[in-house]
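What follows is each chain in one-letter form.
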Amino acid sequence: MIRPEDIFDVAVVGGGPAGMMAAGRAAELGAKVILLEKNDQLGKKLLLTGKGRCNITNAEFNLKKLVESYGQNGKFLFHTLSIFGPKEIIDFFNKLNLETKIERGQRVFPASDGSIDVLRALVKYLNQNKVVINYDTKVISIKHKDKRIEKLILKDREVFAKNYIFCTGGKSYASTGSTGDGFKWAKDLGHHIEELAPALVPIVIEEDWVRELQGLSLKNVEINAFQNNKKKINKFGECLFTHFGISGPIVLDISKTIGSLLKNGKVELLLDLKPVLDYAKLDQRLQRDFIKYQKKSFKNSLNDLLPQKLIPIIINLSHINPDKKTTNITKEERLNLVKLLKGLKMTVRELLGFGNAIVTSGGVSLKEIDHQTMKSKIIDNLFFAGEVIDIDGPTGGFNLQNCWSTGYLVGENAAKNK
Ligand SMILES: Cc1cc2nc3c(=O)[nH]c(=O)nc-3n(C[C@H](O)[C@H](O)[C@H](O)COP(=O)(O)OP(=O)(O)OC[C@H]3O[C@@H](n4cnc5c(N)ncnc54)[C@H](O)[C@@H]3O)c2cc1C
């Protein structure tokens, strides 16, 4: 027997950023909404974002540039970003008494530096609009007939709704609850799932010296990725050395491209430690330092140029005798050193997997979702929002912005869909 308390206008599966926004917006428009979350709390992944500070969005207010940040699939977001973009989400949180601030790279954070405050604001929004929240509630399967979902099957009951929204996220950091359930259901319901791959993920490097630099963060460097001697991608910014290889914003941002390149063969990275100096200027700089330290040996002459931790590595890779007086370093040795500083070679072994990826690339094919409403083109009462769809962006708040925008649009349209 169907119980009246199990019947809703809108049922949202997944209480991450996209699901919370979708549920709140649908309820704000008057719909009777249930939000089903399998964890004992909402937004488990949201709490981890921005190293616990939550990079809410990116203050890129130019719509064209914003759309371009998402790469080829960004076009799909044009409509949703034009309706509910970075400005709107900042206003949204400010209205919920969450102050925000803008940092380097136009990254927007809560003024409190706490992702918990972002979650609290969203829970307030849900409560204000009387969303029914069910915790510890895993949706096990979906029952459908013809082109409509009939009900959601839970462990001990069933939930019925006029419209259903899948906000189950990607496949990365599975311990947060994002185990890819939505991909399986969408496929079973007839949707195509674009190949899933870890994106914004650290890179494992072959060379052992890299591990000796563990913990070293280099700002204002440039990574250039090569395959078959052809430059494929480059990025300027911050790179972090780890116990397995490299991470940090520029590494994460090139990782998706590196993953695709690896399918075709070996990928080499050249790290330019001094990208603002061209070869000639860096050579002049070295000559000045060698004069300044003319009474010293090579190993004691690089303190002005490089961080301490990096010096023994560079000395070793340069093949210049560390005890050689700087005045005795030959021009050839010096020019080779310039080359080394502008192209420290690292061979990619692999990407770390889904367990360490910030996002999942791939997902429900955008061809099968109406970009004006986020409604499935295959199932009449099904909508998608957030990372479950085939959208991923670079670091800097773009992935959460995708969740806010698609969540808002989907909530609005699911509430109206009769
Ligand atoms: C470490 C880390 C840091 C990040 N930092 C940032 C950042 O600073 N800025 C940024 O823009 N992005 C960041 N991201 C990316 C961002 O967190 C995600 O893109 C975003 O959380 C996706 O939101 P979502 O709502 O689509 O899915 P998720 O956040 O993955 O939420 C999906 C929810 O669905 C629930 N669920 C799944 N299956 C079921 C089921 N069968 N039944 C019931 N519930 C289910 C899950 O438990 C989960 O709570 C970061 C990601 C990570 C891992």
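Here goes a summary of the coordinates provided. (Residues numbered from 1 in each chain as written. Predicted model: local features only at pLDDT ≥ 70, side-chain atom pairs only at ≥ 80, totals over all residues. Heavy atoms only, no water.)

Thoughts on the sheet that holds strand β11 (residues 203-205)
Within a sheet, neighbouring strands are paired by backbone hydrogen bonds and run either parallel or antiparallel to one another. Spatial ordering of the closed barrel is given by β11-β14-β13-β12-β15-β16, a layout of six strands whose pairing is antiparallel. Looking at each pair of strands side by side, their axes are set apart by 45° on average, direction ignored. Bridge analysis of strand β12 (residues 217-227) against strand β15 (residues 268-272) gives five bridges, and the strand direction is antiparallel. When the bridges of β15 are listed, isoleucine 223 appears paired with leucine 271. (Pairing = 2+ DSSP bridges. Helix = DSSP H or I, 4+ residues; strand = E, 2+ residues; numbered from the N terminus. Axes fitted to C-alpha atoms, helices over the stretch in contact; angles between N-to-C directions.)

Side note on the site of the ligand
Around the ligand there are 36 residues in total, and Glu37, Ser178, Asp181, Glu387 and Leu400 lie nearest to it. The backbone of asparagine 55 places a nitrogen or oxygen atom 3.0 Å from a nitrogen atom of the ligand. In this structure, glycine 397 approaches the ligand through a main-chain N or O atom, which is 3.4 Å from an oxygen atom. At the level of secondary structure, the elements contributing two or more residues to the shell around the ligand comprise α1 (17-28), α2 (44-52), α7 (181-188) and α13 (398-416). Tallied by class, the residues present in the shell around the ligand amount to 14 nonpolar, 16 polar and six charged. (Near = heavy atom within 4 Å. Polar contact = N/O pair within 3.5 Å; in protein donor to acceptor, adjacent residues only side chain to side chain. Nonpolar A, V, L, I, M, F, W, Y, C, P; charged D, E, K, R; others polar.)

Thoughts on helix α12 (residues 331-341)
Listed as buried for α12 are Arg334, Leu337, Val338, Leu340 and Leu341. All buried residues of α12 fall inside an arc of 160° around its axis, so they share one side. Across from the buried face of α12, at angles greater than 90 degrees, the exposed residues are Lys331, Glu332 and Lys339. Elements in contact with the buried residues of α12: β15, α10 (279-292), α11 (311-318) and β16 (344-351). (Buried < 20%, exposed > 50% of the residue type's maximum accessible area, 1.4 Å probe, protein only. Arc of directions from axis to C-beta. Contact = heavy atoms within 4.5 Å.)

Considerations on the packing of α1 against helix α6 (residues 115-128)
One way to put it is that α1 packs onto α6 with a least axis distance of 9 Å and a crossing angle of 30°. Put simply, α1 runs roughly parallel to α6. Here α1 and α6 pass one another in a crossing that is left-handed. Between α1, through Met20, Met21, Ala23, Gly24, Arg25 and Glu28, and α6, the contact on the second element is made entirely by Leu119, Leu122, Tyr125 and Leu126. Split by residue class, the contact of α1 with α6 holds seven nonpolar, one polar and two charged. (Parallel < 35°, antiparallel > 145°, perpendicular 65-115°, else oblique. Left-handed = near helix turned anticlockwise from the far one by under 90°.)

Overview of the pattern of salt bridges
Per the counting criterion, the structure on display carries 30 salt bridges. The salt bridge involving lysine 38 is made with aspartate 181; its shortest N-O contact spans 3.9 Å. Placement of the pair is lysine 38 in the loop between β2 (33-36) and α2 and aspartate 181 in helix α7, with a sequence separation of 143 residues. For lysine 38, a relative accessible area of 25% translates into the label partly exposed. Linking glutamate 103 and lysine 101 is a salt bridge whose minimum nitrogen-to-oxygen distance equals 3.4 Å. Classification of glutamate 103 by relative accessible area gives partly exposed; the value is 29%. Of the residues examined, lysine 101 reaches a relative accessible area of 25% and is grouped as partly exposed. Because the salt bridges share partners, they merge into one network encompassing Arg3, Glu5, Asp6 and Arg157. (Salt bridge = Lys/Arg side-chain N within 4 Å of Asp/Glu carboxyl O.)

Some points on α10
Taking 1.5 Å of rise per residue, the 14 residues of α10 would be expected to cover 20 Å, and the 20 Å separating its terminal C-alpha atoms lies within 8% of that figure. Within the sequence span of α10, burial applies to Leu282, Asp283, Leu286, Asp289 and Phe290. Each buried residue of α10 lies within a common arc of 125° when the element is viewed along its axis, so the set occupies one face. Exposed and oriented more than 90 degrees from the buried face of α10 are Arg288, Ile291 and Lys292. Looking at the buried residues of α10, the elements they touch are α12. (Expected span 1.5 Å × (residues − 1).)

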